[in-house]
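Read off the chains here:
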Amino acid sequence: MNLPPKTSPLRPSVTTGRYLLIGAVALALWWVLYTHLAPASHWLTTVVFGLTAGTHLASTVEFFVFEVPKVILLLALIVFAVGVIRTFFTPERTRAVLAGKREATGNVLAALLGMVTPFCSCSAVPLFIGFVTTGVPLGVTFSFLISAPMVNEIALVLLFGLFGWKVAALYLTTGLLIAIAAGWIIGRLKLENHVEDWVYATQTGAVAGTCASVANRGNCGADTPLNFAARVAAGCEAVRDIVGRVWLYVVAGIAVGAGIHGYVPTNAMASIMGKDAWWSVPLSVLIGVPMYANAAGIIPVVQALLGKGAALGTVLAFMMSVIGLSLPELIILRKVLKPRLIAVFVGVVATGILLVGYLFNALL
Amino acid sequence: MKKIQILGTGCTKCKKLAEVAEAAAQALGTPYEMEKVTEIARIMSFGVMSTPALVVNGVVKSVGRLPSLEETKILLS
């Protein structure tokens, strides 16, 4: 593709200045909306719907009309930002960074890059093969595969919006630590022979035209230089795609959460999901793994439970096992991993999640 | 005759890419032949790590994203 940059659709010819202006206006509008949500939802509940403040119904309705727009506003902003950031990272570039890195450093880098590299569990298998056949150590690859789904922007936004920045930061840090440690342990265990044999035999040969050949790296996302406008466009596309996909889960999750918020008595959850119930952490991990709930749907429910006496560690463990270890992803990975390696993977990650759960229940 | 290959394991974006490529080829009026490559080992033989990918006459043209119709026309020509 040897077209002059101006006609390429990758580089829309709108000036950077205009984008900055539109961006500033959009951000200001966003801020006005966001800061007026609390009074607006109270007014809507008490004046427009005519509900008496303090009743079960009023508190349910107010919770709902406040949280839904709040979460969707936060989601749109963060998904846009992450969408733009992700244009700087492609799986190909991440692989180039990780190839040949030693363990430890490699695990840390892989977990960090897992947060920002575009990843979808449907391409977990090609990504896995692409990594391990080109010199990324197995343990480092796992650090990436654990961090990519678990530490994702949707989970962080929802945690920030519904629990505050401290919980979001805790989730981010412990999620990264689990990815680093679990990947490192898997690397130490030398389980390379538990990868399906055909994986290492796969030819990713450097035939002209394939992504393995240097000449074609541009088309494969390895070094496509995008301009500002193209990155903004990618951010908008991410918002359309992700918010369009998850808004219904957000609404449903918050609706259930609102019901719990308004009607379930305070401390009702303390005996089942409280600190003193030691078995609640492993139980929530056991329930969480086969669940493949969208983070967007599960977090509002969990938040409401927390308000009713559930312990934070238990809640975090539940979230991590729902998002980080999912049955469909394990089934996909079974194509490239022998059962024992799958078992080790689940075991190590689940242990990490359990530790996080107990740690926070003990500390907070 | 252009040989268009869509690499992907059957995700929604892969199906969309096939539709876009078909529409682009028809708009250009070029005769073409389309193949959907779903087998992982074959996808990997193109060195592709993220799907969907568009391959034209054996050359990988886009990876891991859904190009617009306009862009696809350029990629096909």
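Scoring rules and cut-offs
Residues numbered from 1 in each chain as written. Chains lettered and ligands numbered in written order. Predicted model: local features only at pLDDT ≥ 70, side-chain atom pairs only at ≥ 80, totals over all residues. Heavy atoms only, no water. Helix = DSSP H or I, 4+ residues; strand = E, 2+ residues; numbered from the N terminus. Buried < 20%, exposed > 50% of the residue type's maximum accessible area, 1.4 Å probe, protein only. Contact = heavy atoms within 4.5 Å. Areas by Shrake-Rupley, 256 points an atom, 1.4 Å probe, with all protein chains shown as cover. pLDDT = per-residue confidence, 0-100. Patch = residues over 30% accessible without salt bridge, like charges linked within 9 Å, V, L, I, M, F, W, Y side chains within 5 Å. Salt bridge = Lys/Arg side-chain N within 4 Å of Asp/Glu carboxyl O. Pairing = 2+ DSSP bridges. Axes fitted to C-alpha atoms, helices over the stretch in contact; angles between N-to-C directions. Phe/Tyr/Trp six-rings, centres within 6.5 Å; stacked < 30°, edge-to-face > 60°. Lys NZ or Arg CZ within 6 Å of the ring centre and 35° of its normal. Right-handed = clockwise from strand over helix to strand, strands pointing away. Arc of directions from axis to C-beta.

Turning our eyes to something else, we now look at the overall build of chain A. When you go through chain A residue by residue, the secondary structure sums to 17 helices and 0 strands. For chain A, the residues scored as buried account for 48% of the 364 residues in total. Counting contacts in chain A only where the partners sit at least 6 residues apart, residues at least 24 apart contribute 83% of the total. Total accessible area on chain A stands at roughly 16,500 Å², and carbon and sulfur atoms take up 72% of it.

Residues and elements named next belong to chain A. Averaged over all residues, the pLDDT of chain A is 81; the fraction at 70 or higher stands at 87%. Looking at the elements of chain A, mean pLDDT is at its lowest for helix α12 (residues 270-273), recorded as 69, and at its highest for helix α9 (residues 165-188), recorded as 91. Between residues 1-13, whose pLDDT stays under 50, and residues either more than four places distant or in other chains, the model counts 20 contacts.

Attention now moves to unusual backbone geometry. Backbone torsion omega between T51 of chain B and P52 of chain B reads 0 degrees, so that peptide bond is classified as cis. Secondary-structure assignment places P52 of chain B in the loop between α2 (40-45) and β3 (53-56). Backbone geometry at A104 of chain A places phi at a positive 70 degrees, although glycine is not the residue there. Structurally, A104 of chain A can be placed in the loop between α4 (91-98) and α5 (105-116). Given a relative accessible area of 39%, A104 of chain A falls into the partly exposed group. Phi is positive for N57 of chain B, which is not a glycine, with a value near 50 degrees.

Residues and elements named next belong to chain A. Among the surface-exposed residues, W278, W279, L283, L286, I287 and Y358 lie close enough to one another that they form a single nonpolar patch of about 650 Å² accessible area. The element contributing the most residues to the nonpolar patch is helix α13 (residues 280-288), with 3 residues. Locating I287 in the fold gives a position in helix α13.

Here we come to the sheet that holds strand β1 (residues 2-7) of chain B. Residue and element names in this part refer to chain B. Across the sheet, which stays open at both edges, the 4 strands sit in the order β2-β1-β3-β4 with mixed pairing between neighbours. Edge positions in the open sheet fall to β2 (32-37) and β4 (59-63), since each of these has one partner strand only. Strand-to-strand twist across the sheet, computed as the mean angle between neighbouring axes with direction ignored, equals 20 degrees. Inspection of the sheet shows β3 paired to β4 by 4 bridges, in the antiparallel sense.

With that settled, consider the packing of aromatic side chains. Residues and elements named next belong to chain A. Considering all chains together, one arrives at 6 aromatic pairs over all chains under this definition. By the ring-pair criterion, three or more aromatic residues cluster together here, those being W30, W31 and Y34. Positioned over the ring face of F88 is R231, at 3.7 Å from the centre of the ring.

Moving on to the environment of I260 of chain A. Turning to its location among the elements, I260 of chain A is positioned in helix α11 (residues 228-263). I260 of chain A gets classed as buried once you look at its relative accessible area, which sits at 13%.

All names here are of chain B. In this sheet, β2 lies alongside β1 in parallel orientation, the contact comprising 6 bridges. Looking at β2, one finds that I6 is bridged to K36. Where the polypeptide runs from β1 across helix α1 (residues 12-28) and back to β2, its parallel neighbour, the crossover connection is right-handed. When β1 meets β3, the two strands line up antiparallel, connected through 4 bridges. By the bridge assignment for β3, I6 is matched with L54.

What follows covers helix α2 (residues 37-48) of chain A. Residue and element names in this part refer to chain A. Buried within α2 are the following residues: L37, S41 and T45. Projected onto a plane normal to the axis of α2, the buried residues spread over an arc of 60 degrees and lie on a single side. Residues of α2 that are buried make contact with α1 (16-35) and α3 (56-86). G50 lies just past α2 and shows a positive phi near 65 degrees.

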